Amino acid sequence: MCSCEEPRRGWGRCAPSPMLLLSLLLSAAPLGLRGEDARQVSLEVIPDPTGPPENLLHIRAVGSNSTLHYVWSSLGPPAVVLVATNTSHSTLSVNWSCLLSPEPAGGLVVHPEDSVQFSSALVFTRLFEFDSTNTSDEAAEPPGKPYPPYSLAEWSWNNVTDSLDPATLSTTFRGHPIHDPIGAFANGSLAFRVQAFSGSGRPAQPPRLLHTADTCQLEVALVGAVPRGNRSLFRLEVATLGQGPDCPSLREHHSIDDEYAPAVFQLDQLLWGSLPSGFMQWRPVAFSQKQGGRESSLPCQVSPLYPTLAYLPQSPIVRAFFGSQNNFCAFNLTFGTSAGPGYWDQHYLSWSMLLGVGFPPMDALSPLVLGIMAVALGAPGLVLLAGGLFLLLGPKRYSEYQPIN
Amino acid sequence: MEEEDEEARGLLANGPDETGRDTPAALAAPETLPALCDPSRLAHRLLVLLLMCFLGFGSYFCYDNPAALQTQVKRDMQVNTTKFMLLYAWYSWPNVVLCFFGGFLIDRVFGIRWGTIIFSCFICIGQVVFALGGIFNAYWLMEFGRFVFGIGGESLAVAQNTYAVSWFKGKELNLVFGLQLSMARVGSTVNMNLMGWLYSKVEALGSAGHTTLGITLMIGAITCILSLICALALAYLDQRAERILHKEQGKTGEVIKLTDVKDFSLPLWLIFIICVCYYVAVFPFIGLGKVFFTEKFGFSSQAAGAINSVVYVISAPMSPIFGLLVDKTGKNIIWVLCAVVTTLASHMLLAFTLWNPWIAMCLLGLSYSLLACALWPMVAFVVPEHQLGTAYGFMQSIQNLGLAISSIIAGMILDTRGYLFLEVFFIACVSLSLLAVVFLYLVNRAQGGNLNYSARQREEIKVSHSE
């Protein structure tokens, strides 16, 4: 059972298509990637019957013609495996002894195997910290004096079962370094809050990303940790599976609409192939306060993706599903600039992203905006029309000009 | 009258000393250029004109200091946009009332000379308090500074105009008004492009954020001191001219009777609505514009400052040209309609496209200049002359009221709903203005009013009545 299988490439590469053919594409898209309006979502922490409790969260989102599997785990570094299948009956099976062995390939399998339309993974490998005190150039690289990074594989994480909330379909991986000589995380933690959705909507908390039943939201929050510098900037390193020889593409989508995230006119996307395919989507903004107001927003800069042949540390769940595939790509997300605001304000930093398949959700102008515009442009036109008709058809009056003086 | 005599005597006692010290050019002039010292000569009037232009420079320079330093103010004082916009609201509040009394104070209480000096002092003190608020990291003190600054600001503009009338009536008056307006725009433009740079230079000295802000604003206060010096010099020269030429002290001639308000006609109220709704969509936008251009269009801070000042840059040369155009053609309502529609288009471009904002801002600059030239003279067509002072005072007053309220609303919208919604709010305001223009046109047509006559029609009517 524990044999190395042929790595699954998921959605193959095909020529980029114009957006006008979107609907055509959609109908031609494999069932698993077409997207569904609503899904039956279940969260399950899969227990290891023999050993100590391990964090392996399985989110299963069942639609009428497809099923999405998100497997989140803090075995090794925090990671997620995303699998889209074209049947509503696909299941995940876990072989714990294989998963925990040094060669975990085959430890995670989705059945039936030929139903898999797309699969990929994200691994959150390291947390960097820079002291930007003496950095005046906001675009400087690195953004300050680097401290030794935290390797997230060497962290201890809480039991996700404790924070599992079936009502909101969410749970939180909360961790701190195992070796923490200066006690930076004595009162602090790095939290990965995972939330799934059974339908589309928008959370009340900024950045208010529009989610659908095909997506899953991750909120990363660094809270209460003592920074090592006066003006510490943090950077999260994320690794992902490449498509063949190439890295996934990074798209910066500029929009006119900042209604849901004031003053943020950009939406960043990581696409694993030509649409529809898997995507990661986020706004380039993080927050230094829990309320997430505009005054606490800080820019989130993304680096270009670069191939990493031997990235460290390894994620057991990724290797368990994909085998010994090594075409990994990595990128960095840097939160804030030396000019501030920053983590140092309140020892708080949060950032959110969506992970999903199909077409990434796109904001449209809200009904309120459209309504106001319709009234604002319609009213003067109508009055002019009505008044003009009245003046043309109504009785004409002339009055003698009276001088003002 | 007795009061005024006293003021004049007081001025006589103090004036020469102070101005002599402050303006060496005026003192050195007699030996080299006698014409410069003769109040009846053009050269002397040009000197006075120069002083008049710089009289308003400080107040226009400092009015938009918050806009030029929006990011810095919000960061250093740790305020959100709503509180930031209070800086503009506090400027407008005193003027809701003062617009009625500025003329009265100048004519009956202070006299033009002391009035100008006192208003200049208010501006200086206001700006210094504003700066001190930064240095002491006390935002309420900054707000108070803007309030004091506001007390002086608009009234000083009235005083400036009164001086212009008193020195140039029947000579180069329109040119002088034009030049004063241009100088005001230059002040605003210089501010937009200079303050950010100045802040970065002060920042390099390495003090805390709010201290840097305070010092930068304090340097800005130098322009107010310059204005005060001009006010003192003008007072001296005006007083000297009175002695030599036996000319009277200038008066605004404004008579404000609040009871006149009930006699205001429907077209006048429509003009008020046009005015309020239009300016509400221009000034608060400029106040918030700098960050808009950096966030939405990715401009650098310098470039954003430049584009934010383009409305003023265009307005400086275009105001006289449009003034001439409207004078020659008449048809004021049509011109106002054009201006409002262009502004609407400009805001729509800014809101719904990612086109280069230079296009939209140039349109806004042109329409803003055109509107000022076509709208304000219309008041004179619908109000008997004896009520003109009240009408203009009322118009400025509700304009300031509108600005104060809309500044706060704009800040709140921006904090909670973002720039797109803010632009939609501005579009709604301009659209309301457009609605009022359309109504004004219809009412004017229906009543057979004179607002939309061409220049020739006006001329013919004038001739037929004089015959």
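Going by what an unreviewed UniProt entry lists, chain B is known as Lysosomal dipeptide transporter MFSD1 and is assigned to Rhinolophus ferrumequinum. As its UniProt record puts it under Subunit (unreviewed entry), chain B is described as follows: "Homodimer. Interacts with lysosomal protein GLMP (via lumenal domain); the interaction starts while both proteins are still in the endoplasmic reticulum and is required for stabilization of MFSD1 in lysosomes but has no direct effect on its targeting to lysosomes or transporter activity." Recorded under Function (unreviewed entry), the UniProt text for chain B is reproduced unchanged: "Lysosomal dipeptide uniporter that selectively exports lysine, arginine or histidine-containing dipeptides with a net positive charge from the lysosome lumen into the cytosol. Could play a role in a specific type of protein O-glycosylation indirectly regulating macrophages migration and tissue invasion. Also essential for liver homeostasis."

Naming follows an unreviewed UniProt entry, where chain A appears as Glycosylated lysosomal membrane protein of Rhinolophus ferrumequinum. Quoted verbatim from the Function (unreviewed entry) field of UniProt, the annotation for chain A is "Required to protect lysosomal transporter MFSD1 from lysosomal proteolysis and for MFSD1 lysosomal localization."

Engineer: How should the overall build of chain B be read in this particular structure?
Structural biologist: In terms of helices and strands, chain B carries 19 helices and zero strands. Against the 2.2 N^0.38 benchmark of 23 Å for 467 residues, chain B shows a C-alpha radius of gyration of 23 Å, consistent with a compact globule. Principal-axis analysis of the C-alpha atoms gives chain B an extent of 70 × 60 × 40 Å. In chain B, which comprises 467 residues, the share counted as buried stands at 58%. In chain B, the share of contacts with a sequence separation of at least 24, taken over all contacts with a separation of at least 6, comes to 81%. Taken together, the 29 basic and 32 acidic charged side chains of chain B have centroids lying 7 Å from each other.

Engineer: Is there a simple way to explain the overall build of chain A in this structure?
Structural biologist: Scanning chain A for helices and strands turns up six helices and 22 strands. Across the 405 residues in chain A, those meeting the buried criterion constitute 55%. By sequence separation, contacts in chain A at least 24 residues apart represent 68% of the contacts at least 6 residues apart. Working note: accessible area of chain A is about 17500 Å², and carbon and sulfur atoms make up 58% of it.

Engineer: Explain the confidence of the model for chain B here, please?
Structural biologist: Do not read the fine detail of predicted coordinates wherever pLDDT is low. Residue-level pLDDT values for chain B average 85, and 92% of them are 70 or greater. Note that pLDDT drops below 50 for residues 1–33 of chain B; the model gives that stretch 34 contacts with residues more than four away or on any other chain.

Engineer: Whenever I open this one, the domain arrangement of chain B confuses me. Can you help?
Structural biologist: A common measure of how large an interface is: the accessible area buried when the components associate. All names here are of chain B. Considered domain by domain, chain B is made up of domain 1 (40–253) and domain 2 (258–456). Relative to domain 2, the C-alpha centre of domain 1 lies at a distance of 23 Å. Contact residues are listed per partner, giving 30 residues for domain 1 and 36 residues for domain 2. Counting the surface lost from both domain 1 and domain 2, the interface buries some 2800 Å², and carbon and sulfur atoms represent 63% of this. Remark: the boundary between domain 1 and domain 2 carries 11 residue pairs in polar contact (both at pLDDT 80 or more). Taken together, the elements giving at least two residues each to the side of domain 1 that touches domain 2 come down to helix 5 (65–68), helix 6 (70–76), helix 7 (81–135) and helix 9 (173–203). Among the elements that line the side of domain 1 that touches domain 2, the one with the most residues is helix 7, at 13 residues. Classifying every residue of the side of domain 1 that touches domain 2 gives 15 nonpolar, 12 polar and three charged.

Engineer: Any chance you could explain the state of the cysteines here in plain terms?
Structural biologist: Note on terminology: a disulfide is the covalent bond linking the sulfur atoms of two cysteines. All told, the structure shown has one disulfide over all chains when counted by the stated rule. At a sulfur-sulfur separation of 2.0 Å, the disulfide partner of A:C247 is A:C329. Where A:C247 bonds to A:C329 through sulfur, the torsion about that S-S bond is close to -90°, and the disulfide is left-handed. Pair noted here: A:C247 is in the loop between strand 14 (232–241) and strand 15 (249–254) and A:C329 is in strand 21 (residues 328–335), with a separation of 82 residues, a long-range link. Unpaired in terms of disulfides, B:C275 finds its nearest cysteine sulfur in B:C277, a separation of 9.1 Å. B:C275 gets classed as buried once you look at its relative accessible area, which sits at 0%.

Engineer: Got a minute to help me understand the UniProt feature "transmembrane region" (unreviewed entry) in chain A in this structure?
Structural biologist: In this numbering, the UniProt entry assigns the feature "transmembrane region" (unreviewed entry) to residues 368–393 of chain A. With 100% helix and 0% strand, residues 368–393 of chain A has its two end C-alpha atoms placed 37 Å apart.

Engineer: Whenever I open this one, the environment of A:N158 confuses me. Can you help?
Structural biologist: Residue position: A:N158 is located in the loop between strand 10 (155–157) and helix 3 (160–163). If sequence neighbours within four positions are ignored, A:N158 has contacts with A:N55, A:S163, A:T172, A:F173 and A:R174.

Engineer: What's the story with the pairing of strand 2 (residues 56–62) of chain A in this structure? I'm lost.
Structural biologist: The side chains of a regular strand alternate between the sheet's two faces. All names here are of chain A. By the criterion of burial, strand 2 is predominantly enclosed, with six of the seven residues buried. Relative to strand 2, strand 1 (residues 40–45) runs antiparallel, the two sharing six bridges. Each bridged residue has a counterpart across the sheet, and for S42 the counterpart in strand 2 is R60. Hairpin connection from strand 2 to strand 3 (residues 67–73): four residues lie between these consecutive antiparallel strands.

Engineer: Honestly, a nonpolar patch on the surface in this entry has me stumped. Any pointers?
Structural biologist: Residues and elements named next belong to chain A. Taken together, the side chains of L382, L385, L389, L392 and L393 present a nonpolar region at the surface, about 590 Å² in accessible area. You can see L385 is positioned in helix 6 (residues 367–393). Residue classification places L385 among the exposed residues on the basis of a relative accessible area of 57%.

Engineer: Would you mind going over unusual backbone geometry with me for this structure?
Structural biologist: Negative phi is the rule for most residues except glycine; trans is the rule for most peptide bonds. Residues and elements named next belong to chain A. Between H111 and the following residue, P112, the backbone shows a cis peptide bond with an omega angle of -10°. Within the secondary structure, P112 sits in the loop between strand 6 (108–111) and strand 7 (116–131). In the segment running from P206 into P207, the intervening peptide bond is cis, with an omega of 5°. Looking at the secondary structure, you find P207 in the loop between strand 12 (189–196) and strand 13 (215–223). Backbone geometry places A263, a non-glycine residue, at a positive phi of 70°. Among the secondary structure elements, A263 is positioned in the loop between strand 15 and strand 16 (266–271). What makes A263 buried here is its relative accessible area of 6%. Unlike most non-glycine residues, H347 shows phi in positive territory, near 50°. As for its position among the elements, H347 is in the loop between helix 5 (343–346) and strand 22 (348–358). A residue is classified by how much of its surface remains accessible, and H347, at 29% relative accessible area, is partly exposed.

Engineer: Just checking my understanding: could you explain the packing of helix 7 of chain B against helix 12 (residues 283–297) of chain B for this structure?
Structural biologist: All names here are of chain B. Contact geometry of helix 7 with helix 12 gives a least axis separation of 11 Å together with a crossing angle of 130°. As the angle between them shows, helix 7 and helix 12 are arranged oblique. Where helix 7 crosses over helix 12, the handedness of that crossing is right-handed. The residues of helix 12 that touch helix 7, namely those facing T81, F84, M85 and Y88, are P284, G287 and L288. Residue composition of the contact of helix 7 with helix 12, by class: five nonpolar, two polar and no charged.

Engineer: Explain the pattern of salt bridges here, please?
Structural biologist: Pairing is possible between side chains of opposite charge, provided their charged atoms come close. Applying the stated rule across the entire model yields 13 salt bridges over all chains. For the salt bridge of A:E237 with A:R126, the shortest nitrogen-to-oxygen distance reads 2.9 Å. Of this pair, A:E237 sits in strand 14 while A:R126 sits in strand 7, and the two are 111 residues apart along the sequence. Assessed through its relative accessible area of 28%, A:R126 is described here as partly exposed. B:R113 is paired through a salt bridge with B:D238; the nearest N and O atoms lie 2.7 Å apart. In this pair, B:R113 sits in helix 7 while B:D238 sits in helix 10 (residues 209–245), placing the two residues 125 residues apart along the sequence. Neither B:R113 nor B:D238 differs from the other in exposure class; each is buried. Connected via shared salt-bridge partners are A:R202, A:R283 and A:D363.

Engineer: Is there a simple way to think about the packing of aromatic side chains in this case?
Structural biologist: Aromatic ring pairs are reported here in terms of the distance separating the ring centres and the angle at which the planes meet. All chains considered together, the criterion is met by 45 aromatic pairs over all chains. Measuring from ring centre to ring centre gives 5.8 Å for B:F54 and B:F57, while their planes differ by 50°; the resulting arrangement is tilted. Within this pair, B:F54 and its partner B:F57 are both found in helix 4 (residues 42–63), separated by three residues, close to a single helical turn. Here the basic side chain of A:R202 rests over the ring of A:Y260, its NZ or CZ set 3.3 Å away from the ring centre. Its end group placed over the ring of B:F421, B:R417 keeps NZ or CZ at 5.0 Å from the ring centre.

About the thresholds
- Residues numbered from 1 in each chain as written.
- Chains lettered and ligands numbered in written order.
- Predicted model: local features only at pLDDT ≥ 70, side-chain atom pairs only at ≥ 80, totals over all residues.
- Heavy atoms only, no water.
- UniProt positions renumbered as here; feature names shortened; annotations may be inferred.
- Helix = DSSP H or I, 4+ residues; strand = E, 2+ residues; numbered from the N terminus.
- Rg over C-alpha atoms; globule rule 2.2 N^0.38 Å.
- Buried < 20%, exposed > 50% of the residue type's maximum accessible area, 1.4 Å probe, protein only.
- Contact = heavy atoms within 4.5 Å.
- Lys, Arg positive; Asp, Glu negative; His and termini not counted.
- Charge placed at Lys NZ, Arg CZ, Asp CG, Glu CD.
- Areas by Shrake-Rupley, 256 points an atom, 1.4 Å probe, with all protein chains shown as cover.
- pLDDT = per-residue confidence, 0-100.
- Domains from an automatic or database assignment.
- Buried area = accessible area lost by both parts, 1.4 Å probe.
- Polar contact = N/O pair within 3.5 Å; in protein donor to acceptor, adjacent residues only side chain to side chain.
- Nonpolar A, V, L, I, M, F, W, Y, C, P; charged D, E, K, R; others polar.
- Disulfide = S-S within 2.5 Å.
- Pairing = 2+ DSSP bridges.
- Patch = residues over 30% accessible without salt bridge, like charges linked within 9 Å, V, L, I, M, F, W, Y side chains within 5 Å.
- Salt bridge = Lys/Arg side-chain N within 4 Å of Asp/Glu carboxyl O.
- Axes fitted to C-alpha atoms, helices over the stretch in contact; angles between N-to-C directions.
- Parallel < 35°, antiparallel > 145°, perpendicular 65-115°, else oblique.
- Left-handed = near helix turned anticlockwise from the far one by under 90°.
- Phe/Tyr/Trp six-rings, centres within 6.5 Å; stacked < 30°, edge-to-face > 60°.
- Lys NZ or Arg CZ within 6 Å of the ring centre and 35° of its normal.

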